[in-house]
Amino acid sequence: MDRRSFAQDFFFELMRDSQRVRSVYLAERERWIRTLEITGREEVLFELEMLLRGIDRFFNLRNLFGEELPPTDRDFREELKAARDAVHRAAHLSRRLIVQKQEQALLFRSFVEGTLADDRARARLSAELREQRTPEESLFLLRSGLSALQSIIDHLLRVEFTPQQVFLDVGRALEHELFVSRYFCPPAGLEFRAEYDRVSSVKLLEALRQTPDDKKRRAFALALLAAFRSLRSLRYVPPPPTPHSRRVLLILALVRSELVVLVGYLESELARLVATVEGVGEAAALARAAAVPIRAALDRVPPILAAPITDRAQIDSHRDQLAGATKDAIGAVAAALDPSLSREALFDAQEGRAELSQRLRLDLCVFREMCRMTAERLSQPDADVAMVQPLRRFSLEFRDVGYQLLRHSDRELFDHFLALLESWGSLENTPPRVQRLRDDCRRFGEILDRALENVNKRAELQNLPLDEQAVREALARRMKAV
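Keep in mind that this is a model prediction, so the values were computed, not measured. Throughout this document, residue positions are counted from 1 along each chain, in the order its sequence is written. Under the rules for a predicted model, residues below a pLDDT of 70 receive no local features and side-chain atom pairs below 80 are neither given nor counted, while totals for whole chains, interfaces and linings still include all residues. By convention in this description, side-chain values take in all heavy atoms of the structure and omit both hydrogens and water.

**A word on unusual backbone geometry**
In the segment running from Pro 240 into Pro 241, the intervening peptide bond is cis, with an omega of 5 degrees. Helix and strand definitions follow DSSP, with helices as H or I runs of at least four residues and strands as E runs of at least two, each counted in order from the N terminus. Along the polypeptide, Pro 241 turns up in the loop between helix 11 (214–234) and helix 12 (248–274). The backbone phi angle of Gln 132 is positive, close to 50 degrees, even though this residue is not glycine. Positionally, Gln 132 belongs in the loop between helix 7 (119–130) and helix 8 (135–156). With phi around 60 degrees, Leu 190 is a residue other than glycine that occupies positive phi space. Looking at the secondary structure, you find Leu 190 in the loop between helix 9 (164–179) and helix 10 (202–209).

Structure representation (C-alpha cells):
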C-alpha cells in the first residue's frame, strides 16, 4: 500500500521528464485544455501539434529524399504547396481552440495595435501579446504568424519555379514561428503530451503494470508511447476512397523521422536501460529485436520523395508498410514484457476500441460499487478508517489501467478523488474523520454514475451488455477485509 501507483508515478513523470524545460507552460496548458467546451478538443490539439511537428520535419531534406539529396536546380513548387496546405490547416485548427469571446478580444487588440499612430503605444501592445501570458495569447500569436506566412507562400506559388533555397528559407521562417511559441512549440521525438499520448491497449497496460522492475517498465513504456503516436499520426493518411490532401506528404515525412528516432532508442538506449549487471540480458536482446521490423521497413521503403510520385498507390503503400512495421515493433516490445503477447493478440483480434470501452466500463462500475459499499461500512456505529483500504488499493489499480483509458477532459474530477484516496494512508481514527470519508465516497459514487452514463453511450458498447457476473466477482475479490 505504500507503493504509489505505477500510472501516477510513471506515465505522469515520464511525460514531465520528457518536457522538463517547458513544464510550467505545459502544465498550465493542460489545465486550460480541460476548461474548453469544444467537442473533440484533445483530437484537435493532437492534429494541430502533429502538423506543427510535420512542418518542422518537412524542411529537413533528408526526411524527404534520404541521404541522396536532390539536385539544386530541382523545382520545389509541389512541396511548397504541401507545406502551404499544412500551414492553412494548422491555422484553422488553432482558431477552433480559442473560444469566441477570447477570440474577439484578441482580434480587437490586434486591430487597435494596427491603427495606432503612436509607435510607442503600438509597441507596448505588441510586446504584451509577445509575452504570451496565456495559452490563448500564445495560440493567437502562432495563428497570426502562420496566416501571414501562408499569404507569403500563396504569392510565391504564383511564380512558375520554386528554387531549393526559397523552399528552405520558407522553412526557416516557419521554424521561427513554431519555436518562439511558449505553449505550442512542437514536441520533439520521444517528448510526450499528457493531453493525447496513450498506450492504447488494455493488454499492454496490464503487462506494464505487472512488470516489477521500474527501470524496465519505464524504458518499454516510452517506446510504446512513441510507437502508438506514430500509428495515430498515420490515421491522417486516409485509405481509399477518401481523397488525399497534399499535407499527407508532411505526415509521412514526420512518421518516418519519428520512427528513425524510435529505432535509435530501441537499438541503443532501451537495450542499455534494461541491461542487468550480468550483461545485456534477454529483455535487452528482445528490445533490440523490436527495432528490426522498423529498420527493415525504413530500408525497404525509401523516403516519400526519393522517387517521383506517379499515383496514389505509392502513398498508400508507404503508409501501410510504415504502419505494419510499427505494429510489428509494438508486438515485439509486448513479447518482451509478456511472452504470451504478440502482434496478433494486440492488433489482429476484432475487439479493438470495444475492448478498451468494455474494460473502462467494468472498472468504473466496480469503482462505483466499491464507493457505495465503503460509504455503507463507514455508516456503521463501529466504523473504522481501515475500512477504506480495499477502496484505496483498487484506486491504485485503477490508476494503472482504467484511468489511462479515460478521455483527458474527464480526468480532473478523478485526479482530485484519487489524490484524496492516496492521502488516506495514515489517518486519525476519529468520528469526524470517518464521516468525512463517508461523504467523500458518496460524492464520488455520484460522479462515477455520470461517467458510466457517458461511457454507456459509446457506439461500440450498444450491443455489448455489461457482464454483471464479472462485476460481482471483481467486487467480492477486492472488498475483502484488510
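**Quick notes on the nonpolar core**
Residues enter a nonpolar core if they are buried and are Ala, Val, Leu, Ile, Met, Phe, Trp, Tyr or Cys, with the set joined through side-chain atoms within 4.5 Å. Each residue is placed in one exposure class: buried if its accessible area under a 1.4 Å probe, protein chains only, is under 20% of its type's maximum, exposed if it is over 50%, and partly exposed if it falls in between. Grouped together as the largest cluster of nonpolar side chains are 133 residues, with contacts concentrated most on Phe 58, Phe 367 and Phe 414. The element contributing the most residues to this core is helix 12, with 15 residues. Any two residues having at least one pair of non-hydrogen atoms within 4.5 Å are treated as being in contact. If we ignore the near neighbours within four places in the chain, the residues touching Phe 414 are Leu 364, Phe 398, Tyr 403, Leu 406, Phe 444, Leu 448 and Ala 451. Core analysis: the next-biggest nonpolar cluster, separate from the first, contains seven residues, Leu 378, Ala 383, Val 388 and Leu 437 among them.

**Some remarks on the packing of aromatic side chains**
For Phe, Tyr and Trp, rings pair up if their centres lie within 6.5 Å, where Trp contributes its six-membered ring, and each pair is then called stacked (planes under 30 degrees apart), edge-to-face (over 60) or tilted (otherwise). Applying the stated criterion across every chain yields a total of 15 aromatic pairs. Relative to Phe 59, the ring of Phe 58 lies with its centre 5.9 Å away and its plane at 85 degrees, an arrangement referred to as edge-to-face. No difference in accessibility class separates Phe 58 from Phe 59, as the two residues are buried. Ring plane angle 25 degrees and centroid distance 4.9 Å describe the contact between Phe 76 and Phe 167, whose orientation is recorded as stacked.

**Structural notes on the confidence of the model for the chain**
Values of pLDDT, which run from 0 to 100, indicate the predictor's confidence residue by residue. Counting all residues, the mean pLDDT for the chain is 83, and 87% of those residues have values of 70 or more. This stretch, residues 1–6, has a pLDDT under 50; its non-local contacts, to residues over four places away or in other chains, come to 17 contacts.

**Considering the pattern of salt bridges**
The salt bridge criterion pairs a side-chain nitrogen of Lys or Arg with a carboxyl oxygen of Asp or Glu, the two atoms within 4 Å. A full pass over the atoms with the stated rule returns 36 salt bridges. The salt bridge involving Arg 29 is made with Glu 195; its shortest N-O contact spans 3.1 Å. Residue Arg 29 is located in helix 2 (residues 23–35), and its partner Glu 195 is located in the loop between helix 9 and helix 10; the two are separated by 166 residues in the primary sequence. Per residue, the accessibility class of Arg 29 equals that of Glu 195, and both read buried. Across the pair Glu 206 and Arg 359 runs a salt bridge whose closest N-O atoms are separated by 2.8 Å. Taken as a pair, Glu 206 in helix 10 and Arg 359 in helix 16 (residues 353–378) lie far apart in primary sequence, 153 residues in all. Comparing Glu 206 with Arg 359 shows no difference in burial state: the two are buried. One network of salt bridges, in which partners are shared, links Arg 53, Asp 56, Arg 57, Asp 197, Arg 229 and Glu 258.

**Details of the environment of Ser 201**
Looking at the element boundaries, Ser 201 is found in the loop between helix 9 and helix 10. Once the C-alpha coordinates of Ser 201 and Phe 347 are considered, the two residues, 146 residues apart in sequence, prove to be 9.3 Å apart. In this structure, Ser 201 is in contact with Phe 228, Leu 346 and Leu 356, ignoring residues within four places of it in sequence. Distance and chemistry together define a polar contact, namely a pair of N or O atoms within 3.5 Å, with one atom able to donate a hydrogen and the other to accept it when in protein, and with adjacent residues in sequence counting only for side-chain atoms on both sides. Within the structure, Ser 201 has its side chain in polar contact with the backbone nitrogen of Leu 204 (distance 3.2 Å).

**Description of the state of the cysteines**
The disulfide criterion is simple: two cysteine sulfur atoms within 2.5 Å. Following the criterion strictly, the structure yields zero disulfides and no others. Looking at Cys 441, it has no disulfide partner, and the nearest cysteine sulfur is the one in Cys 371, 5.3 Å off. What makes Cys 441 buried here is its relative accessible area of 1%.

**Observations concerning the environment of Thr 374**
Counting through the fold element by element, Thr 374 comes out in helix 16. For Thr 374, a relative accessible area of 0% puts it in the buried group. C-alpha of Thr 374 to C-alpha of Pro 390: the two residues are 16 residues apart in sequence and 8.6 Å apart in space.

**Side note on the side chain of Ser 357**
Secondary-structure assignment places Ser 357 in helix 16. Look at Ser 357 and you get buried, because its relative accessible area is 1%. Those residues in contact with Ser 357, other than ones at most four positions away along the chain, are Val 455, Arg 458, Glu 460 and Leu 461.

**Some words on the packing of helix 8 against helix 9**
Fitting a line to C-alpha atoms yields each axis, with helices limited to the stretch in contact; the angle taken between N-to-C directions then spans 0 to 180 degrees. Where helix 8 meets helix 9, the axes come as close as 9 Å, and the angle between the chain directions of the two elements is 170 degrees. With respect to their mutual orientation, helix 8 and helix 9 come out roughly antiparallel. Together, Leu 141, Leu 142, Gly 145, Leu 146, Leu 149, Ile 153 and Leu 156 of helix 8 and Val 166, Val 170, Ala 173, Leu 174, Glu 177 and Leu 178 of helix 9 make up the contact between the two elements. When the residues that make up the contact of helix 8 with helix 9 are grouped by side-chain class, the tally is eleven nonpolar, one polar and one charged. When an angle is under 35 degrees it counts as roughly parallel; over 145 it counts as roughly antiparallel; between 65 and 115 it counts as roughly perpendicular; any other value is oblique. Think of it as three bins: nonpolar holds Ala, Val, Leu, Ile, Met, Phe, Trp, Tyr, Cys and Pro, charged holds Asp, Glu, Lys and Arg, and polar takes everything else, Gly as well.

**As for helix 17 (residues 389–400)**
Between its first and last C-alpha atoms helix 17 spans 17 Å; for twelve residues at 1.5 Å apiece the expected length is 16 Å, and the two agree. The buried count for helix 17 comes to eleven of twelve residues, which makes it a mostly enclosed element. Along helix 17, the residues classified as buried are Gln 389, Pro 390, Leu 391, Arg 392, Phe 394, Ser 395, Leu 396, Glu 397, Phe 398, Arg 399 and Asp 400. Residue count minus one, scaled by 1.5 Å, sets the expected span of a helix.

**Concerning the packing of helix 3 (residues 41–58) against helix 9**
Closest axis-to-axis distance for the helix 3/helix 9 pair is 9 Å, and the angle between their directions is 140 degrees. In this structure, helix 3 meets helix 9 at a crossing whose hand is left-handed. The residues of helix 9 that touch helix 3, namely those facing Leu 52, Ile 55, Asp 56 and Phe 58, are Phe 167, Leu 174, Glu 175, Leu 178 and Phe 179. Residues belonging to the contact of helix 3 with helix 9 are distributed by class as follows: seven nonpolar, no polar and two charged. Left-handed describes a crossing in which the near helix is turned anticlockwise from the far one by less than a right angle; the clockwise case is right-handed.

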